[in-house]
Amino acid sequence: MLRTSSQFRAAKPYKVTSNKYATDYEEVKRLGGDGVNTPSARTADETEIALFWLESSPLQWNRIARTVSNDAGLDAWENARLFGLLNLAMADGYISSFETKNHYNFWRPVTAIREGDNDGNRRTDGDATWTPLVTTPPIPDHDSAHSVEGGAAAQVLMRFFGTDDIGFETCSLTLPAGQTCADTAPVRRSYTSFTEAADENGVSRILIGFHFRRAVDQGIEHGRRIAD
């Protein structure tokens, strides 16, 4: 659907020497640690959010779409259109996000924090042993593809149903054993809008130690533009 993979390329990351970068750095450093090797200020609910949204974006957002579709009583044609739009947007989201990632080639928090004393920014104190909650994928930080997917999916659902104000619940496949969709009593999280879910999906990547907030915010906006 995109004319080119760079059509809606996200705005660039903050300069490593800037105050805005230092603010994002301190946030993910404080919240994104594993709580074992690296202390973390995450609450129990924030840890749940981090692990809840860890699963594949297409799996989670198709599950959400099925829930909302069932509640709305869509027929076969309406479902074909909904899921076609949703999955085309998310496919383009990955294509476009990976173009952005490789264009900027910006370091992940795990690398940035371990090298924090060598980045030229006096506000960033390094920690050579900083460890994120989950092992970081070996691809660049900016922008967050997970956030792009959430922004794209939420925007498609909002445009399709003509409103953002639709409540729903969903479960996850990446919570600890006994709490997943496959278990008898899964943990379910509730949302009052598609935007609320997309925002929580995005912030989960900070809480898990994968991304700076700039990558998340730009990713959500990137996804929305693709969906539109």
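Before reading further, recall that the structure is shown in the block above.
The numbering scheme is per chain: residues are counted from 1 as the chain's sequence reads. The model is predicted, so local features are restricted to residues of pLDDT at least 70 and side-chain atom pairs to those at 80 or more, both for listing and for counting; the totals for chains, interfaces and linings are taken over all residues. By convention in this description, side-chain values take in all heavy atoms of the structure and omit both hydrogens and water.

Participant: Can you break down the side chain of Thr124 residue by residue, with the values?
Facilitator: Within the element layout of this structure, Thr124 appears in the loop between α5 (109-114) and α6 (145-161). In this structure the side chain of Thr124 is engaged in a polar contact, spanning 3.1 Å, whose partner is the backbone oxygen of Gly116. Between N or O atoms, a polar contact is any pair within 3.5 Å; within protein, one atom must be a potential hydrogen donor and the other a potential acceptor, and residues adjacent in sequence are included only when both atoms are from side chains. A distance of 2.7 Å separates a polar atom in the side chain of Thr124 from a polar atom in the side chain of Asp119. The secondary structure listing takes helices from DSSP runs of H or I that are at least 4 residues long and strands from runs of E that are at least 2 residues long, numbered from the N terminus.

Participant: Just give me the short version of unusual backbone geometry, but keep the residues and values in it.
Facilitator: Here the residue pair His142 and Asp143 is connected by a cis peptide bond, since its omega of 0° sits within 30 degrees of zero. Its place among the elements puts Asp143 in the loop between α5 and α6. Positioned with a positive phi, Asn105 is a non-glycine residue whose angle comes to about 50°. Relative to the helices and strands, Asn105 is located in the loop between α4 (76-104) and α5. Categorising residues by exposure relies on relative accessible area from a 1.4 Å probe, with only protein chains included: less than 20% of the type maximum marks a residue as buried, more than 50% marks it as exposed, and the intermediate range marks it as partly exposed. Assessed through its relative accessible area of 58%, Asn105 is described here as exposed.

Participant: Before we move on, could you go through the state of the cysteines and cite the residues and values that matter?
Facilitator: By disulfide we mean two sulfur atoms from cysteines, separated by a distance within 2.5 Å. Considering all chains together, one arrives at one disulfide under this definition. A sulfur-sulfur separation of 2.1 Å characterises the disulfide bridge that pairs Cys171 with Cys181. Taking the sign of the S-S torsion, 115° for the link of Cys171 and Cys181, the bridge is right-handed. With Cys171 in the loop between β1 (168-170) and β2 (189-191) and Cys181 in the loop between β1 and β2, this residue pair connects regions lying ten residues apart in the sequence.

Participant: Explain the packing of aromatic side chains to me, using residue names and the numbers behind them.
Facilitator: We call Phe, Tyr and Trp rings a pair once their centres come within 6.5 Å, taking the six-membered ring for Trp, and we label the pair stacked below 30 degrees between planes, edge-to-face above 60, and tilted otherwise. With the rule as written, the count across this model stands at eleven aromatic pairs. Residues Phe106 and Phe212 carry aromatic rings whose centres are separated by 6.1 Å and whose planes lie at 65° to one another, so their mutual orientation is edge-to-face. Separated by 106 residues along the polypeptide, Phe106 in the loop between α4 and α5 and Phe212 in the loop between α7 (194-207) and α8 (213-227) bring together distant segments of the chain. For Phe212, a relative accessible area of 2% corresponds to the buried category.

Participant: If you had to explain empty space enclosed by the protein to someone new, which residues and values would you point to?
Facilitator: Residues are said to line a cavity or pocket when one of their atoms sits within 4 Å of a point; the points come from a 1 Å grid over protein atoms alone, cavities being sets where a 1.4 Å probe fits but cannot get out and pockets being open sets with protein on both sides within 12 Å along at least five of seven lines. Grid points are joined across faces, edges and corners, and a volume is the space filled by probe spheres set on the points. Scanning the model with the defined rule gives one cavity of 30 Å³ or more in all. The volume enclosed by the largest cavity comes to roughly 50 Å³. At the level of elements, α1 (19-31) and α8 are the ones that each hand at least two residues to the lining of the largest cavity. Polarity classes work like this: nonpolar for Ala, Val, Leu, Ile, Met, Phe, Trp, Tyr, Cys and Pro, charged for Asp, Glu, Lys and Arg, and polar for all others, with Gly in that last group. A class-by-class count of the residues in the lining of the largest cavity yields six nonpolar, one polar and three charged.

Participant: I'd like to hear about the nonpolar core, residue by residue, with values.
Facilitator: Here, the term nonpolar core denotes a set of buried Ala, Val, Leu, Ile, Met, Phe, Trp, Tyr and Cys residues that are joined through side-chain atoms within 4.5 Å. Counting 32 residues, the largest nonpolar core has Trp53, Trp61, Ile64, Leu157, Phe168 and Phe194 as its most contacted members. Taken together, the elements giving at least two residues each to this core come down to α2 (44-52), α3 (57-72), α4, α6 and α7. Top contributing element to this core by residue count: α6, with six residues. Pairs of residues are marked as contacts when any of their non-hydrogen atoms sit within 4.5 Å. Apart from the residues lying within four places of it in its own chain, the contact partners of Trp61 are Trp53, Leu86, Met90, Gly150, Ala153, Ala154, Leu157, Phe194, Ala197, Ala198 and Asn201.

Participant: Explain the layout of surface pockets residue by residue, including any values.
Facilitator: Each pocket or cavity is described by its volume, and for the largest pocket that value is around 330 Å³. Counting only elements with at least two residues in the lining of the largest pocket, the list comes to α4, α6 and α8. With five residues, α4 is the largest single contributor of residues to the lining of the largest pocket. Of the residues in the lining of the largest pocket, the class split is ten nonpolar, one polar and five charged.

Participant: Which residues make up a negative patch on the surface, and what are the values?
Facilitator: Residues Glu26, Glu115, Asp117 and Asp125 make up a contiguous surface patch of negative charge. Topologically, Glu115 is positioned in the loop between α5 and α6. Since its relative accessible area comes to 36%, Glu115 is described here as partly exposed. Here the term patch refers to residues with relative accessible area over 30% and no salt bridge, with like charges joined within 9 Å and nonpolar side chains (Val, Leu, Ile, Met, Phe, Trp, Tyr) within 5 Å. Every accessible area reported is derived by Shrake-Rupley at a probe size of 1.4 Å, with residue values counting cover from the shown protein chains alone. One side-chain nitrogen of Lys or Arg within 4 Å of one carboxyl oxygen of Asp or Glu is enough to make a salt bridge. In this tally, Asp and Glu contribute negative charge and Lys and Arg positive charge; neither His nor the terminal groups of the chain are included. Charged groups are reduced to one reference atom each: NZ for lysine, CZ for arginine, CG for aspartic acid, CD for glutamic acid.

Participant: Pulling in residues and values, what's your account of α4?
Facilitator: Within an α-helix, residues lying three or four positions from one another point in the same direction, as the helix has 3.6 residues per turn. Working rule for helices: expected span equals 1.5 Å times residues minus one. Look at α4: 42 Å from first C-alpha to last across 29 residues, which is about the 42 Å you get at 1.5 Å a residue. For α4, every residue scored as buried is listed here: Leu82, Leu86, Ala89, Met90, Asp92, Gly93, Ser96, Ser97, Glu99, Thr100 and Lys101. In this structure, the buried side of α4 is in contact with α3, α6 and α8. Taking the backbone nitrogen of Trp77 as reference, a side-chain oxygen 3.2 Å away marks Asp75 as the first, capping residue of α4. Asn105 sits one or two positions beyond α4 and adopts a positive phi of about 50°.

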